[in-house]
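Read off the chains here:
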Amino acid sequence: MKEPNPEPASTGCPASPAELSRRKFLARLSLAVGSIGAVIVTVPVVGFLLAPFFVRRQEVWRSVGKIESFKIGTTSAVNYEDPSPLPWAGVTAHTAAWLRRVSADNFIAFSINCTHLGCPVRWLPKANLFMCPCHGGVYYEDGTVAAGPPPLPLPRYPVRVKDGEVQIQTSPIPITN
Amino acid sequence: MLKRILHRVWDWVDDRTGLPAMIGRMATHLVPPDAKWWYVFGSATLCAFMVQVVTGIALAFSYIPSASEAYSTLQFISNDAPFGNFLRGLHYYGASAMVLMVGLHMARVFLAGSYKFPRELNWATGVLLLAFTLAMGFTGQLLRGDQNAVWTVVVAAEQAGRVPFIGQWLAHVVLGGDTVGGATFTRFFAIHVFIMPGFIFAFVALHLWLVLRHGISEPPKPGKLVDPKTYRQEYKELIEKKGKPFWPDAAWRDVVFSVAMIVVIAVLAMVSGAPQLGKPPDPSIIDATPRPDWYFMWYFAVLALLPPGTEQYLIVYGPLLVGIILIALPFFSNRGERSLQQRPWAIAILMMTVLMIATLWVEGVKSPWSPNFKAQPLSASVVGATNGPVFLGAQLFDDKGCLNCHMIGYDGGRRGPDLTDVAGRLSKNQMILRIANGAVNMPAYAANLTPAQMDALVAFLQTRKMQLP
């Protein structure tokens with residue numbers, strides 16, 4: 001891969017000690033100044049990319065229906081919107097939860113995300129079981145693990161009744177750690 | 001006359017840029033004379049990558065990487081745009097070809113011991129290129145922006161979540177926020193279209209530079225050992241004595257094979273088209289059956305089959321360990337035999353890997369561990385009764401989700417044992433015990449069935465005997 005180099009050789013003229021130390025200085029200067037330039041550009045880029053993950057999201061309560069629309073002892077799917085979706089989020093701003101009315105004033109809101117790897121679990125009302133379509137996780141009606149790989153019970157979201165409405169507090173997707 | 005002008009233009013460009021001479025020297029570098037059809041997979045990978053770049057740029061002309069638009073632009077590309085579905089098909093089968101060719105190229109290099117001295121870094125950069133290729137496949141599947149994409153992101157985030165200490169944070173980085181949303185797709189778009197291709201271009205350049213620097217490895221001969229002290233000299237002598245210019249003596253095979261690959265990609269794109277789009281990317285649509293594209297189907301099976309106790313560690317450290325072992329390989333074994341006749345373990349390792357991935361892949365496609373939500377209620381002819389406890393038991397078998405996981409006749413799930421002949425195996429009491437208490441992969445039904453229901457269910461199961469012809 002050797003080729004005749006048309007550029008003037010860098011060792012063209014013999015260098016004096018003064019010149020050598022000058023070269024060393026210039027090399028260091030270039031690297032230092034170059035690093036400043038790189039930092040000026042890199043800091044805002046990294047900041048722009050990572051900052052969103054250090055901002056705590058403001059969670060809100062979302063109404064998911066009138067209290068009387070949920071029969072005692074049943075579990076039903078409810079939908080609500082994320083707290084502050086980006087304008088172009090479209091349908092991805094939606095979130096679902098499984099809402100169980102245990103008694104007149106006791107509700108449980110289950111995450112739909114399986115604790116194994118997050119797939120959406122389905123409620124089988126006659127069987128009283130949640131089943132996951134991905135790897136076969138099964139949960140009882142109270143969210144405890146009935147079978148399969150899930151390491152934890154179905155996570156629960158904060159839920160309350162206010163002015164006759166059932167409200168669920170928005171939450172991040174639960175991540176099993 | 002024209003020819004003379006062209007000649008002069010060419011000479012001028014050659015003189016002012018120096019490029020034709022440089023490219024000419026690179027193209028005609030000497031290669032071992034018997035490097036033949038086994039040596040075509042690397043260039044085919046590069047060719048598949050070029051197909052991806054060209055078709056990807058074309059798709060980007062119509063694709064909007066936003067959560068609210070991606071799905072509709074993909075529908076436009078698939079259904080309305082001229083050549084759109086064909087183009088998507090090319091991009092999909094091009095990706096498949098690239099994954100396949102990377103695998104074949106790697107297998108060939110491994111079998112021929114070509115990763116040994118002085119080509120350790122050829123191998124290591126190749127392993128990184130494999131990782132980038134898989135990352136492209138993964139992010140590409142997400143950009144389809146359908147329901148499957150949403151759940152693929154979530155599954156990926158959950159895997160990242162198992163990393164110690166920073167897992168939660170990492171998972172949210174994968175999601176692009178606390179949930180799947182507007183930021184998710186734009187981020188994956190930037191990664192798929194700018195960052196990963198940038199890495200691939202850079203590492204392909206490095207990989208090719210290393211190929212030129214060390215030369216294409218000569219086919220191994222049994223008994224001819226690699227010795228770092230003498231290898232370079234021997235290779236130089238071989239090349240100088242017997243080497244052939246890469247272009248066109250060896251390159252013609254690459255061209256023929258790569259073009260054949262493109263033809264196969266095009267035919268597949270024409271005949272079966274791009275993968276169907278799923279439902280819209282609405283995370284509140286619970287009715288979903290998330291599945292990865294074919295090249296990750298085997299890993300989907302791994303995630304289902306990991307023993308529960310080991311899962312916490314293997315989800316994170318498994319892939320990491322495989323990556324480290326692959327990169328480290330040439331640093332532990334960089335000398336000695338290259339011939340397969342003296343390296344039976346190389347064959348065994350490769351065959352075991354291929355067999356393992358193939359078996360897991362088949363399991364992934366069947367996913368017997370997933371409940372069968374499509375199982376139809378048992379028909380009267382299968383049940384064999386239209387009233388009484390047996391009939392009631394059969395209804396309970398449907399209602400209580402038994403059929404989702406157990407086969408009766410030709411329908412049902414495959415998670416648990418086939419119960420078509422269960423009365424031949426289990427007594428009444430054994431059945432009650434199992435149903436009431438459940439098992440690792442079966443819910444306990446003690447609190448879910450009244451005693452009368454339990455009796456009916458068992459009465460039904462007691463009639464499940466194989467009818468011998």
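As the structure is a prediction and not an experimental result, all values here were calculated from the model.

Would you mind showing me how to read the sheet that holds strand E2 (residues 75-81) of chain A here?
Strand pairing in a sheet relies on backbone hydrogen bonds. The paired strands run either parallel or antiparallel. As summarised here, the arrangement of the 4 strands in space is E2-E3-E4-E9 (chain A), forming an open sheet in which the pairing is antiparallel. Among the strands making up the open sheet, the edge pair consists of E2 and strand E9 (156-157) of chain A.

How should I be thinking about the confidence of the model for chain B in this particular structure?
Regions with low pLDDT carry predicted coordinates that are not meant to be interpreted in detail. Looking at chain B, pLDDT values average 94 and 99% of them are 70 or higher. Complex prediction metrics read pTM 0.93 and ipTM 0.90.

How should I be thinking about the interface of chain A and chain B in this particular structure?
Listed as interface residues are 46 residues of chain A and, on the opposing side, 56 residues of chain B. Put simply, the parts of the chain that give the side of chain A that touches chain B at least two residues each are E2, strand E3 (94-103), strand E5 (122-124), strand E6 (129-131), strand E7 (138-140) and strand E8 (145-147) of chain A. The element best represented in the side of chain A that touches chain B is E3 of chain A, accounting for 3 residues. Class assignment for the residues of the side of chain A that touches chain B results in 29 nonpolar, 13 polar and 4 charged.

Sorry, what's going on with unusual backbone geometry here?
All names here are of chain B. The residue after Phe117, namely Pro118, is reached through a cis peptide bond having omega 0°. With respect to the helices and strands, Pro118 occurs in the loop between helix H5 (84-111) and helix H6 (120-143). In this structure, the amide linkage connecting Trp247 to the following residue, Pro248, adopts the cis form with an omega of 0°. Along the chain, the position of Pro248 falls in helix H11 (residues 246-271). Even without being a glycine, Phe83 presents a positive backbone phi close to 65°. Summarising the element assignment, Phe83 is placed in the loop between helix H4 (70-80) and H5.

Would you take a moment to explain the nonpolar core for this structure?
Taken as a class, soluble globular proteins show a tendency for nonpolar side chains to be buried jointly. Residues and elements named next belong to chain B. With 108 residues, the main nonpolar core has Ala48, Val153 and Ala157 as its most contacted residues. When residues of this core are assigned to their parent elements, the largest contribution, 12 residues, is made by H5. Contact partners of Ala48, with chain neighbours within four places excluded, come to Gly94, Ala97, Met98, Met101 and Met261. Core analysis: the second largest hydrophobic core is formed by 21 residues, Leu378, Cys402, Leu419 and Ala456 among them.

Would you mind showing me how to read the domain arrangement of chain B here?
When the parts come together, some accessible area is lost, and that loss is often what is quoted as the size of the interface. Looking at chain B, the domain boundaries give domain 1 (30-366) and domain 2 (380-462). One C-alpha centre belongs to domain 1 of chain B, the other to domain 2 of chain B; they are set 45 Å apart.

I'm lost on the domain arrangement of chain A in this one. Help?
For chain A, the domain assignment lists domain 1 (17-52) and domain 2 (61-169). For domain 1 of chain A versus domain 2 of chain A, the separation of C-alpha centres amounts to 52 Å.

Please clarify how the pairing of E3 of chain A should be interpreted in this entry.
Residue and element names in this part refer to chain A. In this sheet, E3 lies alongside E2 in antiparallel orientation, the contact comprising 7 bridges. Across the sheet, the residue bridging to Thr75 is Arg100, located in E3. Here 6 bridges tie E3 to strand E4 (residues 106-111), and the two strands are oriented antiparallel to one another. Residue Leu99 lies in a different strand from E4, and its bridge partner there is Ala109. Count of turn residues in the E3/E4 antiparallel hairpin: 2 residues.

For this particular structure, what's the right way to read the sheet that holds E7 of chain A?
All names here are of chain A. Pairing is antiparallel across the open sheet formed by 4 strands, whose spatial order is E5-E6-E7-E8. The open sheet has two edge strands, E5 and E8, and neither has a second partner. Averaged over all adjacent pairs, the angle separating strand axes in this sheet is 35°, with direction ignored. Taken together, the 3 bridges between E6 and E7 define a ladder with antiparallel strand orientation. If you follow Phe130 over to E7, its bridge partner there is Tyr139.

Can you help me understand the packing of H6 of chain B against helix H13 (residues 308-332) of chain B in this one?
Packed helix pairs are characterised by how far apart their axes lie and by the angle those axes make with each other. All names here are of chain B. Closest axis-to-axis distance for the H6/H13 pair is 8 Å, and the angle between their directions is 165°. Judged by the angle between their axes, H6 and H13 are roughly antiparallel. Where H6 crosses over H13, the two elements pack in a sense that is right-handed. For the pair formed by H6 and H13, the contact residues are Glu120, Trp123, Ala124, Val127 and Ala131 on the first element and Gly323, Leu326, Ile327, Leu329, Pro330 and Phe331 on the second. Across the contact of H6 with H13, the residue classes break down as 9 nonpolar, 1 polar and 1 charged.

How should I be thinking about the packing of H5 of chain B against H6 of chain B in this particular structure?
Residue and element names in this part refer to chain B. One can describe the packing of H5 onto H6 by two numbers: an axis separation of 10 Å at closest approach and a directional angle of 160°. Classified by the angle their axes make, H5 and H6 are roughly antiparallel. Between H5 and H6 lies a crossing whose hand is left-handed. Together, Ala95, Met98, Val99, Val102, Met106 and Val109 of H5 and Trp123, Gly126, Leu129, Leu130, Thr133, Met136, Gly137 and Gly140 of H6 make up the contact between the two elements. A per-class count over the contact of H5 with H6 returns 10 nonpolar, 4 polar and no charged.

Reading guide: rules and limits
- Residues numbered from 1 in each chain as written.
- Chains lettered and ligands numbered in written order.
- Predicted model: local features only at pLDDT ≥ 70, side-chain atom pairs only at ≥ 80, totals over all residues.
- Pairing = 2+ DSSP bridges.
- Helix = DSSP H or I, 4+ residues; strand = E, 2+ residues; numbered from the N terminus.
- pLDDT = per-residue confidence, 0-100.
- Contact = placed C-beta atoms within 7 Å.
- Nonpolar A, V, L, I, M, F, W, Y, C, P; charged D, E, K, R; others polar.
- Core = buried A, V, L, I, M, F, W, Y, C linked by C-beta atoms within 7 Å.
- Buried ≥ 20, exposed ≤ 12 C-beta atoms within 10 Å, placed from the backbone.
- Domains from an automatic or database assignment.
- Axes fitted to C-alpha atoms, helices over the stretch in contact; angles between N-to-C directions.
- Parallel < 35°, antiparallel > 145°, perpendicular 65-115°, else oblique.
- Left-handed = near helix turned anticlockwise from the far one by under 90°.

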